[in-house]
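As a plain string of letters, each chain reads:
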Amino acid sequence: MDWMEFGLDGVDAVRVVVSCVVFYVGIILLLRIFGQRTLASLSSFDVAAIIAMGAIIGRSILGDTPTLAAGILGLATLLILQALSGFGRRFGFVRSVVNSPAVVLMAGREILADNLSKSHVDHDELIAKLRSAGIRNRDEVACAILESTGQISVIRRGAPITEEMLTGVVGADRVPRDG
């Protein structure tokens, strides 16, 4: 079979694969730099920006004249990279590169401004999450945690918190363990 019939020669195929790998690694690095909140709750503006970025990245990967073969090869490469990173998360090193650790944002009634800042979470965003969790005042909160997914979890006071619930969480030592 002559791949040139589909507009893709060996050099172009290698370029597509290498471009995919470079962009994939670049995206992971940028998400690590800008924090896990980057993609957690998207406004309509954020969705539009992501679509635009996807178009730019796609065009950059496929080159000047995108072809069906280059598109399929690029998509296959991205899916393989995603599967490999999913498999690699079973191992400590890959997990630490791909996933950000969970971070305590609020310990008891104290809002941890330093962790908010490091995690790129706005004070008002935390307060909104507390309201959506049904919290009426800070005394009801045992802790609020920015999860590795970018979502914020709120644990209420009332029962002791087991160590398992705070394993691997940055700032867990600041959380009151009593109910």
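Residues numbered from 1 in each chain as written. Predicted model: local features only at pLDDT ≥ 70, side-chain atom pairs only at ≥ 80, totals over all residues. Heavy atoms only, no water.

The chain is annotated in an unreviewed UniProt entry as YetF C-terminal domain-containing protein from Brevibacterium linens ATCC 9172. The UniProt entry for the chain carries the following comment under Sequence similarities (unreviewed entry): "Belongs to the UPF0702 family." Quoted straight from UniProt, the Subcellular location (unreviewed entry) entry for the chain says "Cell membrane". (UniProt positions renumbered as here; feature names shortened; annotations may be inferred.)

## A word on the overall build of the chain
Broken down by element type, the chain carries 6 helices and 4 strands. Seen in sequence order, the chain has helices and strands lined up from the N terminus as α-α-α-α-β-β-α-α-β-β. Counting across all 179 residues of the chain, residues that qualify as buried make up 31%. Contacts in the chain between residues far apart in sequence, at least 24 positions, make up 61% of those at least 6 positions apart. Surface exposure of the chain reaches about 11000 Å², of which carbon and sulfur atoms provide 65%. (Helix = DSSP H or I, 4+ residues; strand = E, 2+ residues; numbered from the N terminus. Buried < 20%, exposed > 50% of the residue type's maximum accessible area, 1.4 Å probe, protein only. Contact = heavy atoms within 4.5 Å. Areas by Shrake-Rupley, 256 points an atom, 1.4 Å probe, with all protein chains shown as cover.)

## Some thoughts on the UniProt feature "transmembrane region" (unreviewed entry) in the chain
Sequence positions flagged by UniProt for "transmembrane region" (unreviewed entry) are, in local numbering, residues 13–33, 45–62 and 68–87. Taken end to end, residues 68–87 comprises 100% helix and 0% strand; its first and last C-alpha atoms sit 28 Å apart.

## Let's talk about the pairing of strand β3 (residues 141–146)
Of all 6 residues making up β3, 6 are buried, and the element is well covered by its neighbours. In this structure, strand β1 (residues 103–107) lies alongside β3, joined through 4 bridges in antiparallel fashion. In the sheet register, V103 faces β3, and the bridge partner there is L146. Here β3 runs beside strand β4 (residues 152–156); their pairing, made up of 5 bridges, is antiparallel. Paired with V141 across the strands is R156, a residue of β4. Counted between consecutive antiparallel strands, the loop separating β3 from β4 contains 5 residues, among which G150 sits at a positive phi close to 95 degrees. (Pairing = 2+ DSSP bridges.)

## Some remarks on the environment of N137
By the secondary structure assignment, N137 is in the loop between α6 (123–132) and β3. On a C-alpha basis, the gap between N137 and I127 in space is 10.0 Å, while along the polypeptide they are 10 residues apart. At 2.9 Å, the side chain of N137 forms a polar contact with the backbone nitrogen of D139. (Polar contact = N/O pair within 3.5 Å; in protein donor to acceptor, adjacent residues only side chain to side chain.)

## Observations regarding the sheet that holds β4
Sheet architecture is open: 4 strands sit in the order β2-β1-β3-β4, paired in antiparallel fashion. Looking at the sheet topology across the chains shown, the edges are occupied by β2 (110–111) and β4. α6 contacts β1, β2, β3 and β4 of the sheet and is inclined by roughly 55 degrees relative to β4. (Axes fitted to C-alpha atoms, helices over the stretch in contact; angles between N-to-C directions.)

## Topic: unusual backbone geometry
A positive phi is found at H120, a non-glycine position, where the angle reads about 60 degrees. With respect to the secondary-structure elements, H120 resides in the loop between α5 (113–119) and α6.

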